[in-house]
Amino acid sequence: MTDVSRTAISPGASPLFLREDEVRRGIELLYFGYTRLTNAIDRELVTQGLGRAHHRALYFIARQPGLTVGELLKLLAITKQSLGRVLKELQDRQFILTSPGVLDRRQKLLRLTEKGADLEAELFRQLRQRLSSAYVSAGQESVTGFWHVLEGLIPESDRKMVFDLRGDNL
């Protein structure tokens, strides 16, 4: 069933959706969509003196309080050095707290402070507003298709980690 409320101007994908033009269109839409989505929070991050790497760390720590530094490193797929700088700044600015692991005291467990939780919630509110609007415009079937495409971009070896954020069982 077609959603008549759609305001998208792109035509539907052709049966030849693997042609170069179609793939390039998908890359362009992904790039521009992500840029416009994150532009909403970039302004808030700048006022806080933070960047997107800080936001990604705050987001995943909010999703999994007690996350270890090693687990966050895997989720973000960045270097240990880069993550170290981000976490140090977030801790110095009192957005996160670290504590030793319960079973392995060498581990660092991460959680947001109240200040960090407030910032993450505001950033999420802005992202949710934009993404929800796009979801409503596209309709449920399109959202499901969008998720399937994004899931297909995740290497098989990383899917369990990603689905564990929601508690999905593969």
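Scroll up for the structure.
Residues numbered from 1 in each chain as written. Predicted model: local features only at pLDDT ≥ 70, side-chain atom pairs only at ≥ 80, totals over all residues. Heavy atoms only, no water.

Chemist: What is the right way to read the sheet that holds strand S1 (residues 67-68) from this model?
Modeler: Hydrogen bonding along the main chain pairs the strands of a sheet, whether they run parallel or antiparallel. Read from one edge of the open sheet, three strands run S1-S3-S2, paired in antiparallel fashion. Of all strands in the sheet, those bounded by a partner on one side alone are S1 and strand S2 (96-100). Two strands pair when backbone bridges link them, and S1 and strand S3 (residues 108-112) are joined in this way by two bridges, in the antiparallel orientation. Considered in S3, the bridge of Leu67 is made with Leu110. (Pairing = 2+ DSSP bridges. Helix = DSSP H or I, 4+ residues; strand = E, 2+ residues; numbered from the N terminus.)

Chemist: So what exactly am I meant to see when it comes to helix H5 (residues 114-138) here?
Modeler: For the α-helix, the turn length of 3.6 residues means that residues three or four positions removed from each other point alike. Between its first and last C-alpha atoms H5 spans 35 Å; for 25 residues at 1.5 Å apiece the expected length is 36 Å, and the two agree. All of the buried residues along H5 are Gly116, Leu119, Glu120, Leu123, Gln126, Leu127 and Ser137. Looking at the buried residues of H5, the elements they touch are helix H1 (20-48), helix H2 (52-63) and S3. Once H5 ends, the next one or two residues include Gly139, with phi positive near 95°. (Expected span 1.5 Å × (residues − 1). Buried < 20%, exposed > 50% of the residue type's maximum accessible area, 1.4 Å probe, protein only. Contact = heavy atoms within 4.5 Å.)

Chemist: Sorry if this is basic, but what is going on with the pairing of S3 here?
Modeler: Each regular strand carries side chains that alternate between the two faces of the sheet. Pairing analysis gives five bridges linking S2 to S3, with the strands arranged antiparallel. Counterpart to Thr98 in the pairing with S3 is Leu110.

Chemist: I'm lost on the nonpolar core in this one. Help?
Modeler: One finds Leu58, Phe60, Ile61, Leu72, Leu87, Leu90 and Ile96 to be the most contacted residues of the largest nonpolar core, which totals 23 residues. Those elements giving two or more residues to this core turn out to be H1, H2, helix H3 (69-76), helix H4 (80-92), S3 and H5. Those residues in contact with Leu87 that lie beyond four places of it in its chain are Ile61, Val69, Leu72, Ile96 and Leu110. (Core = buried A, V, L, I, M, F, W, Y, C linked by side-chain atoms within 4.5 Å.)

Chemist: Can you help me understand the packing of H2 against H5 in this one?
Modeler: A pair of packed helices is captured by two measures, namely the crossing angle of their axes and the spacing between those axes. Relative orientation of the contacting elements H2 and H5 amounts to 100°, with a least axis distance of 10 Å. The angle between the axes of H2 and H5 places the two elements in the roughly perpendicular class. Touching His55, Leu58, Tyr59 and Ala62 of H2 are Leu119, Glu120, Leu123, Phe124 and Leu127, all from H5. Of the residues that constitute the contact of H2 with H5, the class distribution is seven nonpolar, one polar and one charged. (Axes fitted to C-alpha atoms, helices over the stretch in contact; angles between N-to-C directions. Parallel < 35°, antiparallel > 145°, perpendicular 65-115°, else oblique. Nonpolar A, V, L, I, M, F, W, Y, C, P; charged D, E, K, R; others polar.)

Chemist: What is the right way to look at the environment of Tyr59 in this model?
Modeler: Here Tyr59 is to be found in helix H2. Spatially, the C-alpha atom of Tyr59 lies 9.2 Å from that of Ala117, the residues being 58 residues apart in sequence. Ignoring anything within four residues of it in the chain, the contact list for Tyr59 reads Glu120 and Phe124.

Chemist: Any chance you could explain the pattern of salt bridges here in plain terms?
Modeler: One side chain can pair with another of opposite charge once the charged atoms of both are near each other. Tallied over the entire structure, the rule returns nine salt bridges. Among the salt bridges present, the one from Arg125 reaches Glu122, with a minimum N-O distance of 2.7 Å. Of this pair, Arg125 and Glu122 both sit in helix H5, three residues apart, roughly one helical turn. Owing to a relative accessible area of 35%, Arg125 belongs among the partly exposed residues under this scheme. Of the residues examined, Glu122 reaches a relative accessible area of 26% and is grouped as partly exposed. Glu156 is the salt-bridge partner of Arg159, the closest N and O atoms lying 3.2 Å from each other. With Arg159 and Glu156 both in helix H7 (residues 156-164) and three residues apart, the pair spans about one turn of that helix. (Salt bridge = Lys/Arg side-chain N within 4 Å of Asp/Glu carboxyl O.)

Chemist: I'm lost on the side chain of Thr113 in this one. Help?
Modeler: Its location among the elements puts Thr113 in the loop between S3 and H5. The exposure class assigned to Thr113 is buried, which follows from its relative accessible area of 13%. Engagement of the side chain of Thr113 in a polar contact is seen with the backbone nitrogen of Gly116, the distance being 3.0 Å. Apart from residues no more than four positions distant in its own chain, Thr113 is found in contact with Gln94, Phe95, Ile96 and Leu97. (Polar contact = N/O pair within 3.5 Å; in protein donor to acceptor, adjacent residues only side chain to side chain.)

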